[in-house]
Amino acid sequence: MLRGLRSHIRSRDLPRPDHLTISTRSRSLSLTFVDGASPDRLAALLLWAATLEGLSLTWSCQRDVLHIVGTGRTHAGIRVNLAACGQLPELAGRIRAGIVVVAGTYRFPVSEPESVQYHELMHVARAARAVVKAAAA
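**Student:** When you look at unusual backbone geometry in this model, what are you seeing that I'm missing?
**Tutor:** Among all residues except glycine, the phi angle is most often negative; among peptide bonds, the trans geometry is most common. You will see that Ala 92, though not glycine, has its phi angle at about 60 degrees, which is positive. On the secondary structure map, Ala 92 appears in the loop between strand E5 (79-87) and strand E6 (93-96). Look at Ala 92 and you get buried, because its relative accessible area is 17%. Located in the positive-phi region is Ala 103, a residue other than glycine, with phi close to 55 degrees.

**Student:** Is there a simple way to explain the nonpolar core in this structure?
**Tutor:** In globular proteins that are soluble, nonpolar side chains generally tend to be buried together. Within the largest apolar cluster, 30 residues are counted, with the highest numbers of intra-cluster contacts made by Leu 42, Trp 59, Leu 66, Val 80, Val 102, Leu 121 and Val 124. Sorting the residues of this core by element identifies strand E1 (19-23), helix H2 (38-49), strand E3 (53-62), strand E4 (65-73), E5, strand E7 (99-102), strand E8 (106-109) and helix H3 (118-136) as the ones contributing at least two each.

**Student:** Just checking my understanding: could you explain the environment of Leu 55 for this structure?
**Tutor:** For Leu 55, the position within the fold is in strand E3. For Leu 55, a relative accessible area of 31% corresponds to the partly exposed category. Taking the C-alpha atoms as reference, Leu 55 lies 4.4 Å from Gly 72; in sequence the two are 17 residues apart. Not counting residues within four places of it along the chain, the set of residues in contact with Leu 55 comprises Ala 49, Thr 71, Gly 72 and Tyr 118.

**Student:** Honestly, the sheet that holds E7 in this entry has me stumped. Any pointers?
**Tutor:** Within a sheet, each strand pairs with its neighbour through backbone hydrogen bonds, oriented either parallel or antiparallel. Spatially, three strands are ordered E6-E7-E8 in an open sheet, and the strand pairing comes out antiparallel. If you trace the sheet from one side to the other, it starts and ends with E6 and E8, each paired once. For this sheet, the mean angle separating the axes of adjacent strands, direction not counted, is 25 degrees. For E7 and E8, the ladder comprises four bridges, and the chain directions are antiparallel. Its bridge partner lying in E8, Val 101 is registered against Arg 107.

What counts, and at which threshold
Residues numbered from 1 in each chain as written. Predicted model: local features only at pLDDT ≥ 70, side-chain atom pairs only at ≥ 80, totals over all residues. Heavy atoms only, no water. Helix = DSSP H or I, 4+ residues; strand = E, 2+ residues; numbered from the N terminus. Buried < 20%, exposed > 50% of the residue type's maximum accessible area, 1.4 Å probe, protein only. Core = buried A, V, L, I, M, F, W, Y, C linked by side-chain atoms within 4.5 Å. Contact = heavy atoms within 4.5 Å. Pairing = 2+ DSSP bridges. Axes fitted to C-alpha atoms, helices over the stretch in contact; angles between N-to-C directions.

By themselves these figures say nothing about function.
Pasting the structure below:
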């Protein structure tokens, strides 16, 4: 399992996501890294997600923190669960009247997990980078 995952990571030059769980029928392994800026951690999750088959993505928000969870399989059939989180303002988001508004476009109720599409997260990642650039200027 580890050899297969190591091959998957190296052949695609994948960064560390916040949280990674790999599973087979007989065993699983969980790793947590959480470091770097929120937009960078979201980008790492997106890079991983792009390499997986059967991808399912969900997001939720609790206490001004956006949580993103993804599940899929490598080409070798290793099940992978990914997670990333970040402060909502750093990810171009805010809470308004119990509704999370992300990148000015996507809306969902606070504390309720909701499916999200890969392209929607890409849009959020771009908006988050713009927030970082504006803050640096």
